[in-house]
Amino acid sequence: MLGKYFKKTVFRKERAADGVVPEAPQGILKKCNACKAAIFTEDVKRNCYICPKCGNYFRIHAYRRLELILDEGSFEEWDKGMTAGNPLEFPGYEEKVKALQEKTGLTEAVVTGKGRINGLETVIGVCDGRFLMASMGEAVGEKITRAVERATKLALPVVLFACSGGARMQEGIVSLMQMAKTSAALKRHSDAGLLYVSVLTDPTTGGVTASWAMLGDVILAEPHALIGFAGPRVIEQTIGQKLPKGFQRAEFLLEHGFVDRILPRDGAKEVLAEILRMHAKGKNTEVFTSRADSGKSNGNVTSAAQVEEKRSAWDSVQKARKKDRPVGGDYIQKMFPDFIEFHGDRLFGDDPAIIGGIASFEGMPVTVIAEAKGADTKENIRRNFGMPSPEGYRKALRLMKQAEKFHRPVICLVDTPGAFCGMEAEERGQGEAIARNLYEMSALKTPVLSIVISEGGSGGALALAVADEVWMMQNAVYSILSPEGFASILWKDGKRAPEAAEVMKLTAEDLKELGIIEEILEEPEVFTVETLGTVCETIKGKLRGFLKQYTETDTEKLVEKRYQRFRKM
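Residues numbered from 1 in each chain as written. Predicted model: local features only at pLDDT ≥ 70, side-chain atom pairs only at ≥ 80, totals over all residues. Heavy atoms only, no water.

Draft legend 1. Inspection of the overall build of the chain at higher detail. Scanning the chain from terminus to terminus reveals 23 helices and 21 strands. Considered along the principal axes of its C-alpha atoms, the chain spans approximately 95 × 60 × 50 Å. For the chain, the proportion of its 569 residues judged to be buried stands at 53%. Long-range contacts, defined here as pairs at least 24 residues apart, represent 72% of the contacts in the chain between residues at least 6 apart. Between the averaged position of the 79 positive side-chain charges in the chain and that of its 78 negative side-chain charges there is a distance of 5 Å. (Helix = DSSP H or I, 4+ residues; strand = E, 2+ residues; numbered from the N terminus. Buried < 20%, exposed > 50% of the residue type's maximum accessible area, 1.4 Å probe, protein only. Contact = heavy atoms within 4.5 Å. Lys, Arg positive; Asp, Glu negative; His and termini not counted. Charge placed at Lys NZ, Arg CZ, Asp CG, Glu CD.)

Draft legend 2. Quick peek at the confidence of the model for the chain. Scored by pLDDT, the chain has a mean of 89; 90% of the residues are at 70 or more. For the stretch residues 1–24, pLDDT sits under 50, and the model shows 36 contacts to residues farther than four places along the chain or on other chains. Across residues 283–308 the pLDDT falls below 50, and counting only partners more than four positions away or on other chains, this stretch makes 45 contacts in the model. (pLDDT = per-residue confidence, 0-100.)

Draft legend 3. Focus on helix 15 (residues 390–405). With 16 residues, helix 15 extends 23 Å from end C-alpha to end C-alpha; this agrees with the ideal 22 Å at 1.5 Å per step. Most of helix 15 sits out of view: 14 of its 16 residues are buried. A positive backbone phi angle near 60 degrees is found at H407, which sits one or two residues after helix 15. (Expected span 1.5 Å × (residues − 1).)

Draft legend 4. Main features of a nonpolar patch on the surface. A cluster of nonpolar side chains, contributed by I173, L176 and M177, occupies part of the molecular surface with about 280 Å² of accessible area. With respect to the element layout, L176 can be found in helix 5 (residues 172–191). (Patch = residues over 30% accessible without salt bridge, like charges linked within 9 Å, V, L, I, M, F, W, Y side chains within 5 Å. Areas by Shrake-Rupley, 256 points an atom, 1.4 Å probe, with all protein chains shown as cover. Salt bridge = Lys/Arg side-chain N within 4 Å of Asp/Glu carboxyl O.)

Draft legend 5. Expanded view of the pattern of salt bridges. According to the stated counting rule, one finds 43 salt bridges in the structure shown. Note that R150 and E76 form a salt bridge whose closest N and O atoms lie 3.8 Å from each other. Placement of R150 in helix 4 (residues 138–154) and of E76 in strand 6 (residues 76–78) is noted, with a sequence separation of 74 residues between them. With a shortest N-O distance of 2.7 Å, E142 and K181 are connected by a salt bridge. Of this pair, E142 sits in helix 4 while K181 sits in helix 5, and the two are 39 residues apart along the sequence. When its relative accessible area of 23% is taken as the criterion, E142 is described as partly exposed. For K181, a relative accessible area of 26% translates into the label partly exposed. The network of salt bridges with shared partners includes R321, K373, D415, E455 and E484.

Draft legend 6. Focus on the environment of M473. Mapped onto the secondary structure, M473 falls in strand 19 (residues 469–473). Judged by relative accessible area, which is 0%, M473 ranks as buried. Placed 66 residues apart in sequence, M473 and I539 show a C-alpha to C-alpha distance of 9.8 Å. Once you skip the residues sitting within four places of it in the chain, M473 turns out to touch R325, Y331, V452, I453, A508, L521, E522, E523, F527, V535 and I539.

Draft legend 7. How the structure looks around the side chain of N437. Position of N437 among the secondary structure elements: in helix 17 (residues 430–441). For N437, a relative accessible area of 0% translates into the label buried. Engagement of the side chain of N437 in a polar contact is seen with the backbone oxygen of A463, the distance being 3.3 Å. Not counting residues up to four positions away in its chain, the partners in contact with N437 are Y393, A396, L397, A463 and L464. (Polar contact = N/O pair within 3.5 Å; in protein donor to acceptor, adjacent residues only side chain to side chain.)

Draft legend 8. Region of interest: the packing of helix 12 (residues 313–320) against helix 20 (residues 497–504). Direction vectors running N to C along helix 12 and helix 20 enclose 105 degrees, while the axes themselves pass 7 Å from each other. Taken together, the axes of helix 12 and helix 20 lie roughly perpendicular to each other. The residues of helix 20 that touch helix 12, namely those facing A313, W314 and V317, are A497, P498, A501 and E502. When grouped by side-chain class, the residues that make up the contact of helix 12 with helix 20 number 6 nonpolar, no polar and 1 charged. (Axes fitted to C-alpha atoms, helices over the stretch in contact; angles between N-to-C directions. Parallel < 35°, antiparallel > 145°, perpendicular 65-115°, else oblique. Nonpolar A, V, L, I, M, F, W, Y, C, P; charged D, E, K, R; others polar.)

Draft legend 9. Geometry of helix 12. Most of helix 12 sits inside the fold, with 6 of its 8 residues counted as buried. A313, W314, S316, V317, K319 and A320 are the residues of helix 12 that are buried. The inward-facing, buried residues of helix 12 contact strand 18 (448–457), strand 20 (477–479), helix 19 (483–491) and helix 20.

Draft legend 10. How the structure looks around the packing of aromatic side chains. This model, assessed by the stated rule, comprises 5 aromatic pairs. Aromatic pair W471 and F546: ring centres 6.2 Å apart, planes at 85 degrees, arrangement edge-to-face. Of this pair, W471 sits in strand 19 while F546 sits in helix 22 (residues 532–551), and the two are 75 residues apart along the sequence. This pair shows no difference in class: W471 is buried, exactly as F546 is. Arranged with centres 6.1 Å apart and planes meeting at 85 degrees, the rings of F486 and W491 form a pair that is edge-to-face. On the accessibility criterion, F486 (15% relative accessible area) is buried. Under the relative-accessibility criterion, W491 is labelled partly exposed at 25%. What links up through ring pairs into an aromatic cluster is the set W471, F546 and Y550. Here the basic side chain of R436 rests over the ring of Y439, its NZ or CZ set 5.3 Å away from the ring centre. It is R565 that lies over the ring of F566; its NZ or CZ is 4.9 Å from the centre. (Phe/Tyr/Trp six-rings, centres within 6.5 Å; stacked < 30°, edge-to-face > 60°. Lys NZ or Arg CZ within 6 Å of the ring centre and 35° of its normal.)

Quick look at the structure:
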């Protein structure tokens, strides 16, 4: 039964040739509260409680959610009998709780325990909106805290499905304290190097939003879910204005940088399983041992003919800027087919000029971050031609710090004419964002590899290139600024850009001689997406060697070596 979330609809008695048409049995047909269509209850259940007519997401009970997410028969419930007290002696509260327990079969508004998702063990908690709108009182806070503490002792990840009207008014200040209690437990879980995935469902508001719901290493949200601190009605009453359509919905939070990605319900189990797999404990680097030799550096990889006929620096600049040259997304698709993109800086927005997420390389989890120009004019505009804003660099840093926590190597693909220099970028702290990346990357306690695939423009490139090693594609360029800008500043003549390119020493060969980069990656004469596959195979071979060497390096030595790399420049 879907209860109040479907309004009951039955057929009217109508006259037919052979008499009265019988009514449909109660419960077979329901009414969608979005499109108002009559729908079969069984069709809705088979469709993960999504309206087959309009795609509306219905709120579902906690145990049904667990059935959708967990492997059959794997759930072990914890603290089932825990129930609320009445710390304020609020009139009628105990009677209301008892009535809801009888009606719903729940003792409280959250179900917690342990289970498996595609064979991967995890601690899980699911809120149930039927119980006082899943508001958080002492019992809810205690059950979540106990589950997190137990997960920490068992070294297990935590997945929590939020659905709540916020703090429970009937428990007053005691309810408020649950925000601090659950957050503190999650901090200890995080400090133990363990994964927490938060899934926001409709609605997630108030004290739950302002505590455990927004503290995930990965934050996912169901489509169109209402998510916010203050509810829409409260905001409208406070400011005296009508809110815009879509305000506080999941997609709004994705756009503003607070959610990693939207999680369609029918694919939720598979996505969660992939995230858990890439964070599973016990990963090792044995897969690289037998292939390490193929990944060792052999210095300058250009052929003898190419050495004899070295191209001009300006020719490299033009090749690096070619419109049909592969971009960051192309490399990711070829090298990391299981890549899962995450969004947002958790501060302001999501910058499309930087793509970031997690993937695996021959069984090893890695974090991949790429500056993205886009493959056509429409995408160029959407991605601001690969010129990141402050939130792009902050997104990249957030993912790097997450990689540090889970001991994942970081692979950066650098391709930008430079950081965006618009007024709004300055207002949001472009300089501070770049500086913070340099500061944090210098001491990041996990291996970092940066590959300049086309243009490496100024601080906008360096913000992703404070690495253990920096490699460059054969015709990539990496410089203090563009040749045009260089010529304009020093010679007051931008037309002297070709001459400036020679003076700037910006080619891969120049930079290897200067000790700025470690590897030059050969590329075909005609370098397009069609010929990228061969190049990626070469990169993968070298990447094996890099990962074997640096993942086996002691952390303190790793950081010190990176420091000395830049110290001697």
